[in-house]
Amino acid sequence: MRDPEKVRARARESRQRHPEKERERKRRFNEKNPEKRAEHLRNYRNRDPERARNHVRQRRAMLLEAPGDGVGVEDWITILDWTSGLCAYCGSGEKITPDHVIPLVHGGAHDITNIVPACRRCNCSKKDTPVSKWAPDWLLPWWIVVAAITTTERTPRG
Ligand SMILES: [Zn+2]
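Residues numbered from 1 in each chain as written. Predicted model: local features only at pLDDT ≥ 70, side-chain atom pairs only at ≥ 80, totals over all residues.

**Some thoughts on the overall build of the chain**
Right, on to step 1. Secondary structure summary: the chain contains eight helices and two strands in total.
Right, on to step 2. Along the chain direction, N to C, the helices and strands of the chain fall in the order α-α-α-α-α-β-β-α-α-α.
Right, on to step 3. In the chain, buried positions account for 13% of the 158 residues.
Right, on to step 4. Counting only contacts in the chain whose residues sit at least 6 apart along the sequence, the fraction spanning at least 24 positions is 65%. (Helix = DSSP H or I, 4+ residues; strand = E, 2+ residues; numbered from the N terminus. Buried ≥ 20, exposed ≤ 12 C-beta atoms within 10 Å, placed from the backbone. Contact = placed C-beta atoms within 7 Å.)

**Describing helix H1 (residues 4–17)**
Right, on to step 1. For H1, with 14 residues, the first-to-last C-alpha span of 20 Å sits near the 20 Å given by 1.5 Å per residue.
Right, on to step 2. Along H1, only zero of the 14 residues are buried, which leaves the element largely exposed. (Expected span 1.5 Å × (residues − 1).)

**Section: the pairing of strand S2 (residues 115–119)**
Right, on to step 1. Most of S2 sits out of view: five of its five residues are buried.
Right, on to step 2. Where burial is concerned, the two faces of S2 agree: the one with Ile115, Pro117 and Cys119 and the one with Val116 and Ala118 are both buried.

**With respect to unusual backbone geometry**
Right, on to step 1. The backbone of lysine 95 shows a phi angle near 45°, a positive value even though the residue is not glycine.
Right, on to step 2. Turning to its location among the elements, lysine 95 is positioned in the loop between helix H5 (73–82) and strand S1 (96–100).
Right, on to step 3. Residue lysine 95 is classed as exposed on the basis of its 12 C-beta neighbours within 10 Å.
Right, on to step 4. In this structure, lysine 127 is a non-glycine residue whose phi angle is positive, near 50°.
Right, on to step 5. Structurally, lysine 127 is set in the loop between helix H6 (120–126) and helix H7 (131–134).
Right, on to step 6. Using a count of 12 C-beta atoms within 10 Å as the deciding quantity, one classes lysine 127 as exposed.

**Remarks on the environment of aspartate 128**
Right, on to step 1. With respect to the secondary-structure elements, aspartate 128 resides in the loop between H6 and H7.
Right, on to step 2. Separated by 24 residues in the primary sequence, aspartate 128 and leucine 104 place their C-alpha atoms 7.7 Å from one another.
Right, on to step 3. Aspartate 128 has contacts with Pro103 and Val105, leaving out every residue within four places of it along the chain.

**Focus on helix H4 (residues 49–65)**
Right, on to step 1. Here H4 is 17 residues long and its end C-alpha atoms lie 24 Å apart, about the 24 Å a rise of 1.5 Å per residue gives.
Right, on to step 2. Across the 17 residues that make up H4, only a small minority, zero, are buried.

**Overview of the nonpolar core**
Right, on to step 1. The biggest cluster of nonpolar side chains holds 13 residues, and the ones touching the most others in it are Cys87, Ala88, Tyr89, Val116, Ala118, Cys119 and Cys122.
Right, on to step 2. Of all the elements, S2 adds the most residues to this core, at four residues. (Core = buried A, V, L, I, M, F, W, Y, C linked by C-beta atoms within 7 Å.)

**Some details on the confidence of the model for the chain**
Right, on to step 1. Mean pLDDT over the chain: 79, with 84% of residues reaching 70 or higher.
Right, on to step 2. Taking the mean pLDDT of every element in the chain, the minimum, 57, falls on helix H8 (residues 140–152) and the maximum, 92, on S1. (pLDDT = per-residue confidence, 0-100.)

**Re the environment of arginine 25**
Right, on to step 1. Considering the arrangement of structural elements, one finds arginine 25 in helix H2 (residues 19–32).
Right, on to step 2. The spacing of arginine 25 and arginine 15 is 10 residues in sequence and 9.8 Å in space, taken between C-alpha atoms.

In C-alpha cells:
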C-alpha cells in the first residue's frame, strides 16, 4: 500500500497541479532553513558557474533594457527615505535591497517610480511575483501607501 515510488509520483503530480502551493512550500522551507538555501546557492554556483554567470548577465541586460530612467545613488537615498530605510513590505531593517514592485519581467520600470526598499527575505520570497499576488492581504495597505508616495513625489527631470 505505502509504495514509496507511488507516494513520490503522487507528490510530484500534486506539485505540478498546484504550482502556487509548491512555491509556498519552498518559501516556508527556505524561511526555516536559511543555511540550506545558502548551501544550495553555493552548490549551484560551483556546479554550474557558467549558468550562474549567465544568470547575472541576463539580469544586467534586463536592467539595461527595462523602461525607466534608471536608479542612481541619489534616487536610492530618496527611495530609502520613504520608509526610513525599512522594508516597505514587512518593516524589517535587515539587509535592505531595492525591489522592483512591478517585476522587470512583467515590464516594470527600472526607476524611482517602481522601486521600494525591501529586506532580503521579502525580496527573495517575492522574486518575480507581482506584489498584489505575493503580498498577504494585511500587507496591501502598506503597499498602497508606498505607491501613493511614489506617484506624488515623482519629480519630472530635465
Ligand atoms: Zn521585508
